[in-house]
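Structural description and commentary
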Amino acid sequence: AFGVIADIQFADAEDGYDFGGCRRRYYRHSLRLLQEAVREWASESPPIDFVLQLGDSIDGQNARRGEAESALQQVLEVLGQLSVPVHHAWGNHELYNFSRAQLVQTGLYSRAGGSAGPADTECHAYHCSPGPRLRLVVLDAYDTSILGTDRGGPRYQESLRVLREKNPNDDLNSPEGLKEPHFVAFNGGFSQAQLDWFNEVLKFSDENQEKVIVMAHVPLHPSASDGVCLAWNYGAALAVVHAHRCVVCVLAGHLHDGAYCLDGHGVHHLTLQGVIETPPDSNAFATIYVYEDKMVLRGRGRIPDRVMHF
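Residues numbered from 1 in each chain as written. Predicted model: local features only at pLDDT ≥ 70, side-chain atom pairs only at ≥ 80, totals over all residues. Heavy atoms only, no water.

The strand order across the open sheet built from 6 strands is 6-7-8-9-11-10, with neighbouring strands paired in mixed fashion. Every interior strand has two partners, whereas the edge strands, strand 6 (126-131) and strand 10 (259-262), have only one. Geometrically, the sheet is characterised by an average inter-axis angle of 15° between neighbouring strands, direction not taken into account. Bridging between strand 7 (residues 134-138) and strand 8 (residues 211-215) involves 5 bridges; their strand directions are parallel. Residue Val 137 lies in a different strand from strand 8, and its bridge partner there is Val 214. Along the sheet, helix 7 (residues 192-207) contacts strand 6, strand 7, strand 8 and strand 9 (247-252); its crossing angle with strand 7, the most-contacted strand, is approximately 175°. (Pairing = 2+ DSSP bridges. Helix = DSSP H or I, 4+ residues; strand = E, 2+ residues; numbered from the N terminus. Axes fitted to C-alpha atoms, helices over the stretch in contact; angles between N-to-C directions. Contact = heavy atoms within 4.5 Å.)

Below you can see the structure in the form of structure tokens.
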């Protein structure tokens, strides 16, 4: 069993609204909802084995307020009350607050061991085996991105070229008029090096008859998305997933409404509802129980229960 939570986006700030000005965001209350989640996970019997934090743990406004370090410390202190590992995905809001080089030095760098991930140690992708014949793969959906990188560096320049090819808008966060509206700056993509590494991990899991759970901040399937909150080269990532038998589920955040689909290859794509837009009298987290032939999700608040058969 494991816990899962997405888009906490904590800031010690009054409630506000999303970029469209119509969806309420509960910045300060999100930490209390995280505390509730941690208390419930800690009391689970039998105990959970790990927690997945699907990215955007703190809000981008912390950078403007000069509170990025303190906000992150508060979130990590709450998660640190758990006696089990916490696996972190990096989201766009982490990269609004910190550079990739800085994130490597924080508690959000949960990449396990040098040999478990790609050669680029600033790529926050890795895999581990939390149980017999079960593998977790954490993907870095901003490996190709203009966020959190040196504007003079090759990663930024190549990412900007990819983005500009698809998005001519003055505001690179605007999908207006785009044939492919997911090519916006608040999304990102996967480098070929990460995709090659991912393919090798899944090949190993195929050969060893493992079940694989994949997590990333940004959804990989259009039907588990609103069409905008989607990885730039989601098709390339899906091609890797579908080339193997082992992947049973892809977990993501980023889209605060949440979404779900079972794709044509039998892979479950679950996008979790975000804590940040959850009213203080509700919540948005879940515990997932893994069996030989299924995963059973017990959701809290906004997240509905679900059974996902393999």
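Summarising burial for strand 12 (residues 284-290): 6 of the 7 residues are buried, a large majority. Across 4 bridges, the pairing between strand 1 (residues 2-5) and strand 12 is antiparallel. Bridging across to strand 12, Gly 3 finds its partner in Thr 287. Looking at chain direction, strand 12 and strand 13 (residues 294-301) are connected through 7 bridges and run antiparallel. (Buried < 20%, exposed > 50% of the residue type's maximum accessible area, 1.4 Å probe, protein only.)

We now examine the pairing of strand 11 (residues 268-271). In strand 11, alternate side chains face the same way, and those of His 268 and Leu 270 on one face and His 269 and Thr 271 on the other are all buried. Pairing geometry for strand 9 and strand 11, over 4 bridges, is parallel. What sits directly across from Cys 249, in strand 11, is His 268. Sheet analysis places strand 10 next to strand 11, joined by 4 bridges and oriented antiparallel. From the neighbouring strand, Ala 259 faces strand 11, where its bridge partner is Thr 271. In this antiparallel pair of consecutive strands, strand 10 and strand 11, the connection spans 5 residues, and Gly 266 shows a positive phi of 80°.

This part is about the pattern of salt bridges. Overall, the coordinates contain 20 salt bridges when judged by the stated rule. Two residues, Arg 28 and Asp 12, come together in a salt bridge whose shortest N-O distance is 2.6 Å. Of this pair, Arg 28 sits in the loop between strand 3 (24-25) and helix 1 (29-42) while Asp 12 sits in the loop between strand 1 and strand 2 (16-17), and the two are 16 residues apart along the sequence. The class for Arg 28 is partly exposed, based on a relative accessible area of 35%. Of the charged contacts, one joins Arg 100 and Asp 140 as a salt bridge, the two residues approaching to 2.3 Å between their closest N and O atoms. Of the two residues, Arg 100 sits in helix 5 (residues 100-103) while Asp 140 sits in the loop between strand 7 and helix 6 (154-166), which places them 40 residues apart along the sequence. For Asp 140, a relative accessible area of 1% puts it in the buried group. (Salt bridge = Lys/Arg side-chain N within 4 Å of Asp/Glu carboxyl O.)

Before going further, it helps to examine the packing of aromatic side chains. With the rule as written, the count across this model stands at 4 aromatic pairs. Judged by centre distance (6.0 Å) and plane angle (25°), the ring pair of Phe 183 and Trp 232 falls under stacked. Placement of Phe 183 in the loop between helix 6 and helix 7 and of Trp 232 in the loop between strand 8 and helix 8 (234-242) is noted, with a sequence separation of 49 residues between them. Just as Phe 183 is buried, Trp 232 falls in that class too. Just above the ring of Tyr 291 sits the side chain of Lys 294; from NZ or CZ to the centre is 4.7 Å. Above the plane of the ring of Tyr 260 lies Arg 306, whose end atom (NZ or CZ) is 4.0 Å from the centre. (Phe/Tyr/Trp six-rings, centres within 6.5 Å; stacked < 30°, edge-to-face > 60°. Lys NZ or Arg CZ within 6 Å of the ring centre and 35° of its normal.)

Bringing the packing of helix 1 against helix 3 (residues 68-79) into the picture now. It is at 9 Å that the axes of helix 1 and helix 3 come closest, and there the two elements cross at 15°. Our classification of the angle between helix 1 and helix 3 gives roughly parallel. Taken as a pair, helix 1 and helix 3 cross one another with a handedness that is right-handed. Contacts between helix 1 and helix 3 pair Leu 31, Leu 34, Gln 35 and Val 38 from the former with Gln 74, Val 75, Val 78 and Leu 79 from the latter. Grouping the constituent residues of the contact of helix 1 with helix 3 by class yields 6 nonpolar, 2 polar and no charged. (Parallel < 35°, antiparallel > 145°, perpendicular 65-115°, else oblique. Left-handed = near helix turned anticlockwise from the far one by under 90°. Nonpolar A, V, L, I, M, F, W, Y, C, P; charged D, E, K, R; others polar.)

Here the focus is the sheet that holds strand 4 (residues 50-53). Think of a sheet as strands paired side by side through backbone hydrogen bonds, with each pair either parallel or antiparallel. Spatial strand order, 5-4-1-12-13-14: 6 strands in an open sheet with mixed pairing. Strand pairing shows two members of the sheet lacking a second neighbour, strand 5 (86-88) and strand 14 (306-309), which therefore form its edges. Geometrically, the sheet is characterised by an average inter-axis angle of 20° between neighbouring strands, direction not taken into account. Of the pairings in the sheet, the one linking strand 4 to strand 5 comprises 3 bridges and is parallel in character. Each residue of the ladder has a partner; that of Leu 52, found in strand 5, is His 87.

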